Protein chains: 2
Amino acid sequence: MTINESRIDVLIVGAGPAGLMVAYWMARCGIKARIIDKQKHKVYNGHADGLRSRTEEIFDSMGGDLQRRIEAEGYIFESFRTWVPGEHGRIVCAHRTNLMTDQIATLPSPFVSLTISQGRIERFLVDNIEETSGTLKVERGVSAESFTYDSSLQDDHDAYPIKVTLRTLSDTEVNDTIASYGYGGRYIVSKNNLAQDELKALESASPRKLGTEIVEARYLVGADGAHSWLRHNLGYKTQGSGLDSLWGVMDVVPITDFPDIRYPGFIEGEHGALMVLPRERNMTRIYVPFKPNTPEHHDRATIDLETIRCRAQTFFKGYTFNFKICEWWSVYQVGQRVSERSQNPSGRIFLAGDAVHMHSPKIGLGMNTSMQDGYNLGWKVALAAARAVRSPAELLATYEMERLPVAKTLVNFDRALWTNEGAMDPGEFQKTHEAFREFADGRKLMYPENLIISKTTGSQSAARKLIVGESFIHAKVLGHADSQLYWTTRLFQSDGRFRIVLMAGDIDAEEQFERVKHLCKRISAGGQADGRCNALVSRYPYPFEAPTRFQPACADPTGQQHPAITFDHERPLDSMISLLTIHSGQQYASRSIFDFPDTLRGPFDPDYHGWDYRRIFVDTASHLDRYCDGGAYDLWGVDRSRGALVVVRPDMHVGWVGEIEDVDGMENYFVSIFGH
Amino acid sequence: MTINESRIDVLIVGAGPAGLMVAYWMARCGIKARIIDKQKHKVYNGHADGLRSRTEEIFDSMGGDLQRRIEAEGYIFESFRTWVPGEHGRIVCAHRTNLMTDQIATLPSPFVSLTISQGRIERFLVDNIEETSGTLKVERGVSAESFTYDSSLQDDHDAYPIKVTLRTLSDTEVNDTIASYGYGGRYIVSKNNLAQDELKALESASPRKLGTEIVEARYLVGADGAHSWLRHNLGYKTQGSGLDSLWGVMDVVPITDFPDIRYPGFIEGEHGALMVLPRERNMTRIYVPFKPNTPEHHDRATIDLETIRCRAQTFFKGYTFNFKICEWWSVYQVGQRVSERSQNPSGRIFLAGDAVHMHSPKIGLGMNTSMQDGYNLGWKVALAAARAVRSPAELLATYEMERLPVAKTLVNFDRALWTNEGAMDPGEFQKTHEAFREFADGRKLMYPENLIISKTTGSQSAARKLIVGESFIHAKVLGHADSQLYWTTRLFQSDGRFRIVLMAGDIDAEEQFERVKHLCKRISAGGQADGRCNALVSRYPYPFEAPTRFQPACADPTGQQHPAITFDHERPLDSMISLLTIHSGQQYASRSIFDFPDTLRGPFDPDYHGWDYRRIFVDTASHLDRYCDGGAYDLWGVDRSRGALVVVRPDMHVGWVGEIEDVDGMENYFVSIFGH
């Protein structure tokens, strides 16, 4: 038997939320990649279900239908209720928190936190990846069996030092978890619980081809869950421990007269608190703590759905609680563990998601952190694979630098939620939640100074609230040339490019406009004897091919006419650095984009696309949209008259902030990444 | 050769915007229907392109992805610019109108007017119909050849008085307008100009089966365009005339330094004005008037894209204007015509859309009116076909009563826009637009008193701005039981049901709450000796089967367990009348839905679904959404303390308005439609 051997740039093991985010970047940047998962089926129901606004911002930036589908199906978290035992053996509502009121004010985002099943999120991600790339598909029922790493090649980023043996599992080795009819449940999904798009995808799935093959890869990503095969093989230990506490969890359509069944909250009982989490499609998720030192507690295997139901009912004192429809249920033990490393020393093999951090599902951050791991990693691997950076190793090293501390904070946060016995105290829960709030909301991730985070070469005071290293704060702005409305998430599309955001300030003032013009001269100056342009904004060519989604459907048979005709009539991306201007001049209606320096309008395509009308924007109030309120500069802590210069990384983190004159600092930022 | 004969309830001839809207209702209500179109391909590019907010409200009510897809692709109309000849042979901007500013204030809608190609709208409608019904698909390349109508059966609505001969056209009879590559153009679409979903649909289309068949139908709808086959066969004349004026129109990606190319507006020239209409995907539509008494003008056949390009360039004085990419172009003569009738005397054969009203494309109302024709007609036909009403003939007669006058006003509106020579004067255009604004925005359609519009039995003053006969004014409200946010378009789903909207007023006031309780007693009273419930809210059973979209994917093989498990976990619709409460009590957080009368919570399903948490809503400000601002009662002209009773028809027009005590008037409204 000959074993098939092939070469790819990137192999992703595990097609959960973390692996799919890495795969998105591969699709978007046209990197030769594969993504495998040993399960025959994707997750459909249950599992993780909380989506934080920062993750939604990323989704919106990934384009296509992604975020709109999330919003259409998700369930909004509005307030949090706490119920406690009251008189006459009846629970009473003790506390209502408008959890989100302050959040909206202090941690603004275009999006609100939602509950929606991990299964739906994975569906939307898979669709986005397939539409974008046209070819990259998750290979299911495929297991990574073993791998070798030739460390003598580790510094040669053109080489393929990684060899992985893949095996397609036989039908007897994979669980077929789809039932044509039934309750659904712990390991089984009923077809009736599948959305139409899931059914369609299931029916059109091609059969797996059995066999073994060897894949050579330049980079390897293990997003293969808490029991990570790759982590074990790399020999990385996990730190932390399990707690002596068992929980049941179920997604049910409740039949109850408990009035707050559609609000998230706690019901305190004698031993711990039950947690209510309403979600999409008329379901409520119930987390049920088991009493320590009971028979169930000692023999986890004896816990079934009936045990969970009965235990839950003891909490709803004075109210009825029952259900017939249960889409999913499970039992788990609380524990917190974190991997000692999330990439190998050469930085060519990576771990992401649950392979790095394992904890309880209560804070709705596990899946979000996992996806943000993958999102942080993917573009770095893509740039390295495309040989677009000065030092791939240095860029890739920022992954662990930035994300491993986040994993540790996450696990500490989760640990702080629990008593030593593994129980949960609602009051303490609130306090801990408060302490970690900015972290939880993705506003305080504390990425350290590194190749792509330069805190000292500019001037943080120019944009006080756009903290270098943290995620950009998004706002809605108005197109100067077209009056269309744009969330900045859409301006910062996840296409691998860095953005220079010129917050040009009040250009109605002559002096300020002069500052802007001067800046433009400095960043567009260049043109060497050999014809190579050294202007900052066009110096580094965009290294990626356009993904299928943005290519013409048919090639021109004559090779003559309109090579650029595509459905969207978008011009090809030409530079690694995109310059966007957001000014605050309120007389914008009397100034056309042709009154701005050429540089700010971007390159002109005399053949097909003419000028680009989406380069210059205004921070002003639109009468068409209450969210476009002219408050962006305040949100960013930028002086409305003086403006600022901000560099936004491909993952929408702020890489550098400075005054409009701080061009040298900004240029050095890019030179250190891309070279001269 | 035997000719295949079959029976269906409804045959729709023509699958443009009007026909598709009728088809939507057939899909949603599970009526046995077919929809044919003689073109081999749907419209992909060009043609109509304006979408008014009222139509978007309808789309949102139709559910699924429809409105979200529109918003994702559409181009917003923000302001209107007028350019006139200036000094030095250069045009100058003379006028900027924030067309929409006042509109937002006085004609509120959740949605803003957009430009988006008719082709995309048809795609979204077709997808919605197919997903909803699972079976109803447009049959393309099929022609209605002849028909007979047996008028002796006209009063028997169980009978099939209509016989239509259908023939599938051969490949030589239909134009294949898809080119694999090229410019696109007047009759040809390039595959590169197709969206991914269109390409996919095109590739998976099944081949047509040639042949002739006879279809017997109970109802027939002709939505077959300006040259309507059905209108000709019914012998209905059109009234009106053509004007001596020719226009060219093209959708291009402009290459220009004209600064307002992304704003709608006019450029005045020596003979008439050119119109600029920016649209989605970086294109701008240009309407170019031809000069009277020129060679082109006398021989329309000589006008090609180059002629239009050159003529357009003469308007952009002082600026360059050119293009290489043109997706579509055409030449048309201005004219206004309206059919003398839009249904036959028995009311079983109908005309809709361009078959009734023909006019210039400039006001962006043709397609909107066509779709609203179909939307108005479809649910009435569905109710008749399902034998759910007392007098099908009387219900169906309201179609022509309501829509033919709209067609006439539309044509008058269009006529008023033009000079006698068929030219257009920008100043006059604005004035005319102003005069017809409320009509154009769908706020003043002047439907007359009829079976389903009762202006005298209630009390208009209870909801001053919800004018009986006009379309409901939508607002965003908060779910009392779940704090989710709902546009009323989503509460009034287009499922064929009438809604009683109880605007319960300030229920925090004891006296007001007593009024509400008393009302509940009156509309829920009943229960006759024979067990038939005569309570108003449950008296008339929902006559339609659940469409595929809402059915379980798989039948229970044992017939025992969970007949009701579906993906959405929605309970089956049970009554033709749905009761929704929207109160204005600001202490809502301290009152649970169980503090309301049973009737307002809707029926309880003890088996699977429990209580319905989407029956009671609050008009209050949400901190999560700037559009949910607690201003709905004001928008509706309803006294916040006293409330009102409003009946909303299946098409979201207001059928009846009264005080909370006016139950008899309201009951009579329903009795006249559905009987006792």
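Calculation rules
- Residues numbered from 1 in each chain as written.
- Chains lettered and ligands numbered in written order.
- Predicted model: local features only at pLDDT ≥ 70, side-chain atom pairs only at ≥ 80, totals over all residues.
- Heavy atoms only, no water.
- Contact = heavy atoms within 4.5 Å.
- Buried area = accessible area lost by both parts, 1.4 Å probe.
- Salt bridge = Lys/Arg side-chain N within 4 Å of Asp/Glu carboxyl O.
- Helix = DSSP H or I, 4+ residues; strand = E, 2+ residues; numbered from the N terminus.
- Nonpolar A, V, L, I, M, F, W, Y, C, P; charged D, E, K, R; others polar.
- UniProt positions renumbered as here; feature names shortened; annotations may be inferred.
- Least-squares fit on C-alpha atoms with pLDDT ≥ 70 in both.
- Domains from an automatic or database assignment.
- Polar contact = N/O pair within 3.5 Å; in protein donor to acceptor, adjacent residues only side chain to side chain.
- Phe/Tyr/Trp six-rings, centres within 6.5 Å; stacked < 30°, edge-to-face > 60°.
- Buried < 20%, exposed > 50% of the residue type's maximum accessible area, 1.4 Å probe, protein only.
- Pairing = 2+ DSSP bridges.
- Axes fitted to C-alpha atoms, helices over the stretch in contact; angles between N-to-C directions.
- Expected span 1.5 Å × (residues − 1).

Structural notes on the interface of chain A and chain B
- Counting residues at the interface gives 86 residues for chain A and 86 residues for chain B.
- Together chain A and chain B conceal approximately 7,700 Å² of surface at their shared face, both sides included; 57% is due to carbon and sulfur atoms.
- For the pair chain A and chain B, the number of links is 4 salt bridges.
- A salt bridge links A:K324 to B:D607; the shortest N-O distance between them is 3.5 Å.
- Looking at the side of chain A that touches chain B, the elements with two or more residues in it are α3 (66–73), β4 (75–76), α4 (99–106), α5 (118–133), α6 (196–203), β14 (238–256), β18 (321–339) and β27 (625–629) of chain A.
- Each residue belonging to the side of chain A that touches chain B can be placed in one class, and the counts come to 40 nonpolar, 23 polar and 23 charged.

With respect to the UniProt feature "domain: Phenol hydroxylase-like C-terminal dimerisation" (unreviewed entry) in chain A
All names here are of chain A.
- Feature annotation in UniProt assigns "domain: Phenol hydroxylase-like C-terminal dimerisation" (unreviewed entry) to the following positions: residues 447–525 and 569–673.
- The span residues 447–525 is 24% helical and 19% strand by assignment, and the distance between its end C-alpha atoms comes to 33 Å.
- Annotated as residues 569–673, this span is 19% helix and 26% strand, and its ends, taken at the C-alpha atoms, are 31 Å apart.

A word on the relation of the copies chain A and chain B
- Taken as rigid bodies, chain A and chain B are interconverted by a rotation of 180° and an axial shift of 0.0 Å, the fit giving an RMSD of 0.0 Å. Classification of the inter-copy transformation places it as that of a two-fold axis. Of the C-alpha atoms belonging to chain A, the one lying closest to the rotation axis is found on A:R626, 3.3 Å away.
- The fraction of interface residues of chain A whose copies in chain B are also interface residues reaches 100%, indicating that both copies meet through the same surface.

Looking at the pattern of salt bridges
All names here are of chain A.
- All chains considered together, the criterion is met by 108 salt bridges over all chains.
- For the salt bridge of E139 with R34, the shortest nitrogen-to-oxygen distance reads 2.6 Å. Taken together, the positions of E139 in strand β8 (residues 138–140) and R34 in strand β2 (residues 33–37) put the pair 105 residues apart, joining distant regions of the chain.
- The network of salt bridges with shared partners includes K42, R69, E73, R120, R123, D127, D197 and E198.

Quick look at the domain arrangement of chain A
Residue and element names in this part refer to chain A.
- Segmentation of chain A into domains returns domain 1 (4–77 + 113–239 + 337–431), domain 2 (245–334) and domain 3 (460–674).
- Put simply, the middle of domain 1 and the middle of domain 3, counted by C-alpha atoms, are 31 Å apart.
- Domain 1 puts 31 residues into the contact, and the matching count from domain 3 is 31 residues.
- The closest approach of N and O atoms between R490 and D60, which form a salt bridge, is 3.3 Å.
- Summed over the shared surface of domain 1 and domain 3, the result is 14 residue pairs in polar contact (both at pLDDT 80 or more).
- For the side of domain 1 that touches domain 3, the secondary-structure elements that each account for two or more residues are α1 (17–29), α2 (53–62), α5 and α10 (366–385).

Some thoughts on the packing of aromatic side chains
- For the structure on display, the rule yields 57 aromatic pairs over all chains.
- With centroids separated by 4.9 Å and ring planes inclined at 90°, the aromatic side chains of B:F472 and B:F492 adopt a geometry described as edge-to-face. In this pair, B:F472 is assigned in the loop between α13 (437–440) and β21 (476–479) and B:F492 in the loop between α14 (488–491) and β23 (498–505), connecting sequence segments 20 residues apart. Taken as a pair, B:F472 and B:F492 share a single burial class, namely buried.
- Three or more aromatic residues link up through ring pairs in this structure, and these residues are A:W83, A:F258, A:F316, A:Y319, A:F321 and A:F323.

As for the sheet that holds β14(A)
Residue and element names in this part refer to chain A.
- In spatial order, the strands read β6-β5-β15-β16-β17-β14-β18-β20; together these 8 strands make up an open sheet with mixed pairing. Of all strands in the sheet, those with a lone pairing partner are β6 (91–97) and β20 (357–358), marking the two edges.
- Relative to strand β17 (residues 284–289), strand β16 (residues 273–278) runs antiparallel, the two being bridged by 4 bridges. Opposite L277, over in β17, you have R285 as the bridge partner.
- Packed on one face of the sheet, helix α9 (residues 305–313) meets β14, β16, β17 and β18 and runs near 95° to β18.

Concerning the sheet that holds strand β16 (residues 273–278) of chain B
Residue and element names in this part refer to chain B.
- If you trace the 8 strands from one edge of the open sheet to the other, you get β6-β5-β15-β16-β17-β14-β18-β20, paired in mixed fashion. At either end of the open sheet lies a strand with only one pairing partner, and these are β6 (91–97) and β20 (357–358).
- With 2 bridges joining them, strand β18 (residues 321–339) and β20 adopt antiparallel strand pairing. Looking at the pairing, V338 lines up with H357 of β20.
- Running over the sheet, helix α9 (residues 305–313) touches β14 (238–256), β16, β17 (284–289) and β18 and is turned about 95° from β18.
- Against the sheet, helix α12 (residues 426–435) makes contact with β5 (80–85), β6, β15 (265–268) and β16, and its axis sits at roughly 155° relative to β5, the strand it touches most.

Some points on helix α1 (residues 17–29) of chain B
Residues and elements named next belong to chain B.
- End to end, α1 covers 19 Å across 13 residues, agreeing with the expected 18 Å (1.5 Å per residue, within 8%).
- Counting buried positions along α1 gives 13 out of 13 residues, so the element sits mostly inside the fold.
- Looking at the residues trailing α1, positive phi occurs at G30, about 65°.

As for the side chain of B:S622
- Tracing the sequence through the fold places B:S622 in strand β26 (residues 621–622).
- Within the local environment of B:S622, its side chain forms a polar contact with the backbone nitrogen of B:L624, the two atoms lying 2.9 Å apart.

Comments concerning unusual backbone geometry
Residues and elements named next belong to chain A.
- In this structure, S483 takes a positive phi of about 55° despite not being glycine.
- Tracing the chain through its elements places S483 in the loop between β21 (476–479) and β22 (485–487).
- Under the relative-accessibility criterion, S483 is labelled buried at 2%.
- With phi around 50°, H569 is a residue other than glycine that occupies positive phi space.
- Within the element layout of this structure, H569 appears in the loop between α15 (510–524) and β24 (577–583).

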